[in-house]
Amino acid sequence: MTGFASGQGEALGLAWSWDLRSVNARGLDIRVRVPDWIDGLEQALRALLTKRLARGSVTVSLRLQSNGAEATQELNEAALDRVLMAMLQIEAEAMARGLSLTASSAADLITLRGVMDTAQQAADPAELRKTLLADFEPALDSFIASRQNEGTALAEVLTGQVDQIADLVTQAETVAEARKDEQADRMRAAMARVMDAQDTIDEQRIAQELALIAVKADVTEEIDRLRTHVDAARGLLDADGAVGRKLDFLMQEFNREANTLCSKAQSAPLTAVGLELKSVIEQMREQVQNVE
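Because the structure is predicted, anything quoted here is derived from the model rather than measured.

Would you explain the overall build of the protein in this entry?
Broken down by element type, the protein carries nine helices and six strands. Burial statistics for the protein: of 292 residues in total, 34% are counted as buried. Nonlocal contacts in the protein, meaning residues at least 24 apart in sequence, comprise 80% of its contacts between residues at least 6 apart. As presented, the protein carries roughly 17500 Å² of accessible surface, and 51% of it is formed by carbon and sulfur atoms.

Written out as structure tokens, the structure reads:
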């Protein structure tokens, strides 16, 4: 389920902005990008998101900076030492493989995360975490509302597709009923050819073969199951809570019955209905990926 929200705040000499985005995913995948010096913030945000979301690839980003007019920066010597050691290892490995690297400048190193500490880190991390979490709640509410608005529009699309499937199932039943006389004529003609070509007739074997042909051509069960799936889909669309995974499974069942219907069709009109049914089911399956 796609969604977007943002939020801003300031306190403790700092200003920040939230950015929340989500795109479709089969499960729930949460990515949190926050300053790592605020202990416990990422874990707390993940807990809040997991509690209120069930599906989607969700990204949460926090941009934090000093809101003072004279914000200062200081060199983080420990971080710089780690960067320089990493650079030495990379250069040594490159030389061993006969590769040459472009020289890095001091300006390049300054831009690396953690090399320069800003005044924002003077804030008490525990107090700042508490403040940020409280400020995050309205942004999360807005994000949830964004996803719900999309869900409302998506429900209308899915309802229309379920109605299409129901209409096609009715058409399939009508076409299947109309082909019975044609099938019976074909069976009688085939039986007449067999009897004319054989001196001795095993009537029991012929009866068995005819029964088997009739069973293979009967699509009553497939139509009944498709109708049951239509009712189940409508029930899920009317239900509260996350139903995406259940709809996912139901689409597999829809597709299975449509495939069997096509394989048993034995007539161009019924095959045409079955193919159209498969097309609508596939369109609905793609939309279901957006459902939480």
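Continuing now.
Looking at this model, I keep getting lost on the nonpolar core. Mind explaining?
What tends to happen in soluble globular proteins is that the nonpolar side chains get buried as a cluster. Membership of the largest hydrophobic core comes to 33 residues, with the highest contact counts inside it found for I165, F254, L270, L277 and M284. Secondary structure elements with two or more residues in this core: α4 (125-178), α7 (220-238), α8 (244-264) and α9 (268-288). A per-element tally of this core places α4 first, with 10 residues. Sequence-distant contacts of F254, that is, excluding residues within four places in its chain, are made with I165, L226, H229, V230, A233 and I281. Grouped together as the second largest cluster of nonpolar side chains are 26 residues, W37, V60, L64 and L132 included.

Even after reading the chapter, I still don't get the pairing of strand β3 (residues 28-33), so can you show me in this structure?
Two faces make up the sheet, and in a regular strand the side chains alternate between them. In the sheet, β3 pairs with strand β4 (residues 56-66) via six bridges, with the strands oriented parallel. Residue pairing across strands places L28 opposite G56, the latter belonging to β4. Following the backbone out of β3, through helix α1 (residues 41-52) and into the adjacent parallel β4, one traces a crossover that is left-handed.

Could you clarify how one ought to interpret unusual backbone geometry in this entry?
Comment: phi is negative for the bulk of residues other than glycine, and the bulk of peptide bonds are trans. In this model, L12 sits at a positive phi of 55°, which is unusual for a non-glycine residue. Mapping L12 onto the fold places it in the loop between β1 (3-11) and β2 (14-23).

Looking at this structure, I do not really get the sheet that holds β1. What am I missing?
For sheets, the rule is that strands pair by backbone hydrogen bonds, running either parallel or antiparallel. Reading across the sheet, the four strands line up as β1-β2-β4-β3 and stay open at both edges, with mixed pairing between neighbours. What marks the edges here is a single partner per strand, and that holds for β1 and β3. Along the sheet, successive strands turn relative to each other by an average axial angle of 10°, direction set aside. Against the sheet, α1 engages β2, β3 and β4, with an angle of about 150° to β3. Against the sheet, α4 engages β1, β2 and β4, with an angle of about 30° to β2.

Explanation requested: the pattern of salt bridges in the structure shown.
Pairs can form between side chains of opposite charge once their charged atoms are near each other. In total, this model carries 14 salt bridges according to the counting rule given. Sharing partners across several salt bridges, the network here consists of E221, E222, R225, E257 and K264.

What is the right way to read α7 from this model?
Given a rise of 1.5 Å per residue, 19 residues ought to cover 27 Å, and the 28 Å separating the end C-alpha atoms of α7 matches this to within 8%. Here α7 has its buried residues at E222, I223, L226, H229, V230, A233, L236 and L237. Each buried residue of α7 lies within a common arc of 140° when the element is viewed along its axis, so the set occupies one face. Counted as exposed and oriented over 90 degrees from the buried face of α7: E221, D231 and D238. Buried residues belonging to α7 abut α4, α8 and α9.

What is the right way to look at the pairing of β1 in this model?
Taken together, the nine bridges between β1 and β2 define a ladder with antiparallel strand orientation. Its bridge partner lying in β2, S6 is registered against D19.

Help me understand the packing of α1 against α4 in this model?
Relative placement of two packed helices is described by the angle separating their axes and the distance separating the axes. Their axes nearest at 11 Å, the elements α1 and α4 cross at an angle of 30°. Between α1 and α4, the angle falls in the class roughly parallel. At the point where α1 passes α4, the crossing takes the right-handed sense. Taking contact as the criterion, the partners of L41, A44, L45, L48, L49 and R52 in α1 are, on α4, R129, L132, L133, F136, E137, L140, D141 and I144. Considering only residue class, the contact of α1 with α4 consists of 10 nonpolar, no polar and four charged.

Got a minute to help me understand the packing of α8 against α9 in this structure?
Where α8 meets α9, the closest approach of the two axes is 9 Å, and the angle between their N-to-C directions is 165°. Relative to α9, the element α8 is oriented roughly antiparallel. In the packing of α8 onto α9, the handedness of the crossing is left-handed. Residues G244, L247, D248, M251, F254, N255, A258, N259, L261 and C262 of α8 form the contact with α9, whose participating residues are L270, T271, G274, L275, L277, K278, I281, M284, R285 and V288. The residue inventory of the contact of α8 with α9, partitioned by class, reads 12 nonpolar, five polar and three charged.

Help me understand the side chain of T59 in this model?
By the secondary structure assignment, T59 is in strand β4. The exposure class assigned to T59 is buried, which follows from its relative accessible area of 17%.

Basis of the calculations
Residues numbered from 1 in each chain as written. Predicted model: local features only at pLDDT ≥ 70, side-chain atom pairs only at ≥ 80, totals over all residues. Heavy atoms only, no water. Helix = DSSP H or I, 4+ residues; strand = E, 2+ residues; numbered from the N terminus. Buried < 20%, exposed > 50% of the residue type's maximum accessible area, 1.4 Å probe, protein only. Contact = heavy atoms within 4.5 Å. Areas by Shrake-Rupley, 256 points an atom, 1.4 Å probe, with all protein chains shown as cover. Core = buried A, V, L, I, M, F, W, Y, C linked by side-chain atoms within 4.5 Å. Pairing = 2+ DSSP bridges. Right-handed = clockwise from strand over helix to strand, strands pointing away. Axes fitted to C-alpha atoms, helices over the stretch in contact; angles between N-to-C directions. Salt bridge = Lys/Arg side-chain N within 4 Å of Asp/Glu carboxyl O. Expected span 1.5 Å × (residues − 1). Arc of directions from axis to C-beta. Parallel < 35°, antiparallel > 145°, perpendicular 65-115°, else oblique. Left-handed = near helix turned anticlockwise from the far one by under 90°. Nonpolar A, V, L, I, M, F, W, Y, C, P; charged D, E, K, R; others polar.

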